[in-house]
Amino acid sequence: MDRKIEKKTWTLRRIAAVAGGAVLLGGIIYQIGFADHRSTMNVDQERLSIATVSKGEFTDYILVSGQIEPSRTVYLDAIEGGVVDQVVRESGALLKKGDTILVLNNSNLQLDVMQRETMLYEQINNLRQTRLFLDQNDLVQLGQLAEIDYQISLLEPQYKRFKELHSKKLVSDREFEEVKEQYEYNLKRKELTYKSYKSDSMARSYQLTQLRQSEGRMNASLNGVGNILNNLVITAPIAGQLATPDQLEIGQAINPGQRYGQIDILDEFKVRVPIDELYLPRISVGLRGKFTLSGKDHELEISKSYPTITNSRFEVDMVFTGESPEGIRRGQSVRIRLELGQKETSLLLPTGGFFKDTGGNWVFVVNPTTGVAEKRNIRLGRKNPEFYEVLEGLTEGEKVIVSGYENFGTNEILELK
């Protein structure tokens, strides 16, 4: 008797097909919902610069270059022009106050001085003649008054005697009248002459005062004219070191007002520092900086700021807070660390080429366990030549690729090999 054979539902082939479909479906679901679709790039780790985020004191400073200059310089400008007749001191010579530097020759100036002196002597002589005339006129008037007094002294006794005799009828009326008229005439003459002398004396006193003042001014002018030739002998106004831009030669012409050198006072020095105009609002008198010379740090302080901008830079003068370093020379360059603010404790990320590619908005953070660097958004604050101030996005101890990102394209994950 025949027996019906039932067909199996789950055959090996069907089980294998279902299992394969399930695996395929699971893979699709994983790719859709869970897989990392970010673009990835393999990078040689040895070609990267990796730095660690650390916590420390952030100092807001910039690096600037300055030039050593004397703290005080006196410039030498020619008052009178001429031809160099003698070079007494060369550039670099140490001078004392009053030392002769140059001797000039100017024949035209010498002739002009002689003519002006002659004119002044003539004017002074004219003033003296005028004063002599006034003195003589005064003596003449005094002589007239003396003569009148003498006549009065003779006539007054005679007049009194004739008056008494006339009252006794011992002299005639005519004789008495003659004596009386002469006496009264001399009295009137004395009165008028004295008034004239008094008036002339006041005017004469005023004229003599003016003449003395004029003569004093002319004598001062005469001395000044004589001193003009002294300007042809150029001497040091202060003690210091002579510096001339060019070598002065005998026969060389120097024009009036021409700057032919300077004297540097070598007791103290300052540093003239050009700074980018970007920092002008942040620079003020009193800010400090330092530089290292011969293994020793030297501190400076801004003493003066020159706000005029030339070629996108302005300048400041910095003076030493202590003694000037030994061995420094005028014109020597130094590299100064100029502080712009107080120190603050912050998260610090070393500077690098990444900033020009990201603007400081994101970086690649390295996971040392997996050997993968992932893109992460951050926010940076202030910057100095060594560090950026980290405000958001990083924690202490994390490692960041700080070299340039120009070869990474738009990849978001870097696998470090």
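See above for the structure.
As a starting point, this report considers the structure included with it. Remember, it's a predicted structure, so these values are computed and weren't measured experimentally. (Residues numbered from 1 in each chain as written. Predicted model: local features only at pLDDT ≥ 70, side-chain atom pairs only at ≥ 80, totals over all residues. Heavy atoms only, no water.)

1. Here's the deal with the packing of helix H2 (residues 107–167) against helix H3 (residues 173–228)
Then comes step 1: Two elements in contact, H2 and H3, have axes whose closest approach is 7 Å; the angle formed by their N-to-C orientations is 165°. Considering their axes alone, H2 and H3 lie roughly antiparallel with respect to each other. The way H2 lies across H3 gives a crossing that is left-handed.
Then comes step 2: Partitioned by chemical class, the residues of the contact of H2 with H3 number 26 nonpolar, 18 polar and 18 charged. (Axes fitted to C-alpha atoms, helices over the stretch in contact; angles between N-to-C directions. Helix = DSSP H or I, 4+ residues; strand = E, 2+ residues; numbered from the N terminus. Parallel < 35°, antiparallel > 145°, perpendicular 65-115°, else oblique. Left-handed = near helix turned anticlockwise from the far one by under 90°. Nonpolar A, V, L, I, M, F, W, Y, C, P; charged D, E, K, R; others polar.)

2. What about the side chain of Gln141?
Then comes step 1: Relative to the helices and strands, Gln141 is located in helix H2.
Then comes step 2: Classification of Gln141 as buried rests on a relative accessible area of 8%.
Then comes step 3: If sequence neighbours within four positions are ignored, Gln141 has contacts with Ser196, Tyr197, Asp200 and Arg204. (Buried < 20%, exposed > 50% of the residue type's maximum accessible area, 1.4 Å probe, protein only. Contact = heavy atoms within 4.5 Å.)

3. Quick word on the sheet that holds strand E18 (residues 372–377)
Then comes step 1: Read across the open sheet, the 6 strands follow the order E1-E22-E18-E17-E21-E2; overall the sheet is mixed. Each edge of the sheet is formed by a strand with only one pairing partner; in this case those strands are strand E1 (40–43) and strand E2 (50–52). Sheet twist, expressed as the average angle between the axes of neighbouring strands with direction ignored, equals 35°.
Then comes step 2: As judged from the 3 bridges shared by E18 and strand E22 (residues 413–416), these two strands associate in the antiparallel manner. Looking across to E22, one finds that Glu374 is bridged to Ile413. (Pairing = 2+ DSSP bridges.)

4. Looking at the sheet that holds strand E19 (residues 379–383)
Then comes step 1: Taking strand neighbours across the sheet as the criterion, the 4 strands line up as E3-E16-E20-E19 in an open arrangement whose pairing is antiparallel. Here the strands that pair on one side only, and so sit at the sheet edges, are strand E3 (54–58) and E19. The average angle at which neighbouring strand axes cross in this sheet is 55°, direction not considered.
Then comes step 2: Note that strand E16 (residues 344–350) and strand E20 (residues 387–392) share 4 bridges and pair antiparallel. Among the inter-strand pairings, Leu349 is bridged to a residue of E20, identified as Tyr388.

5. Re the pattern of salt bridges
Then comes step 1: Per the counting criterion, the structure on display carries 26 salt bridges.
Then comes step 2: The salt bridge involving Lys356 is made with Glu406; its shortest N-O contact spans 3.6 Å. In this pair, Lys356 is assigned in helix H4 (residues 354–358) and Glu406 in the loop between strand E21 (399–401) and E22, connecting sequence segments 50 residues apart.
Then comes step 3: Lys356 sits in the exposed class, given a relative accessible area of 62%.
Then comes step 4: Salt bridges here are not isolated pairs; linked through shared partners, they connect Lys270, Arg272, Glu315 and Asp317. (Salt bridge = Lys/Arg side-chain N within 4 Å of Asp/Glu carboxyl O.)

6. Thoughts on the side chain of Asp60
Then comes step 1: Its place among the elements puts Asp60 in the loop between E3 and strand E4 (61–77).
Then comes step 2: The exposure class of Asp60 is buried, given its relative accessible area of 3%.
Then comes step 3: Sequence-distant contacts of Asp60, that is, excluding residues within four places in its chain, are made with Arg282, Leu338, Glu339, Leu340, Gly341, Arg382 and Lys383.

7. What about the environment of Gln115?
Then comes step 1: If you trace the backbone, Gln115 turns up in helix H2.
Then comes step 2: In the structure, Gln115 is positioned 222 residues away from Arg337 in sequence and 63 Å away in space, judged by C-alpha atoms.

8. Focus: the environment of Leu95
Then comes step 1: Here Leu95 is to be found in strand E6 (residues 94–95).
Then comes step 2: Judged by relative accessible area, Leu95 falls into the buried class, the value being 4%.
Then comes step 3: With 142 residues separating them along the chain, Leu95 and Pro237 place their C-alpha atoms 9.5 Å apart.
Then comes step 4: Beyond its immediate sequence surroundings of up to four residues, Leu95 is in contact with Arg89, Ile101, Ala236, Ala239, Gly240, Leu242 and Ile263.

9. So, a negative patch on the surface
Then comes step 1: The grouping of Asp173, Glu177, Glu181 and Glu184 at the surface amounts to a negative patch.
Then comes step 2: By the element assignment, Asp173 lies in helix H3. (Patch = residues over 30% accessible without salt bridge, like charges linked within 9 Å, V, L, I, M, F, W, Y side chains within 5 Å. Areas by Shrake-Rupley, 256 points an atom, 1.4 Å probe, with all protein chains shown as cover. Lys, Arg positive; Asp, Glu negative; His and termini not counted. Charge placed at Lys NZ, Arg CZ, Asp CG, Glu CD.)

10. A word on the packing of aromatic side chains
Then comes step 1: In the structure shown here, the tally under the stated rule is 11 aromatic pairs.
Then comes step 2: On the numbers, 4.9 Å between centres and 15° between planes, the contact of Tyr159 with Tyr183 is stacked. Here the residue Tyr159 occupies a position in helix H2, and Tyr183 occupies one in helix H3, the gap between them amounting to 24 residues. Just as Tyr159 is buried, Tyr183 falls in that class too.
Then comes step 3: Residues Phe364 and Phe408 carry aromatic rings whose centres are separated by 5.6 Å and whose planes lie at 80° to one another, so their mutual orientation is edge-to-face. Taken together, the residues Phe364 in strand E17 (residues 362–367) and Phe408 in the loop between E21 and E22 connect sequence positions 44 residues apart.
Then comes step 4: One aromatic cluster is present, built from ring pairs that chain together Phe354, Phe355, Trp362, Phe364, Tyr388, Tyr405 and Phe408.
Then comes step 5: When the ring centre of Tyr75 is taken as reference, the NZ or CZ atom of Arg259 above it lies at 4.1 Å.
Then comes step 6: Cation over ring: Lys375 sits above Trp362, and NZ or CZ is 4.2 Å from the ring centre. (Phe/Tyr/Trp six-rings, centres within 6.5 Å; stacked < 30°, edge-to-face > 60°. Lys NZ or Arg CZ within 6 Å of the ring centre and 35° of its normal.)

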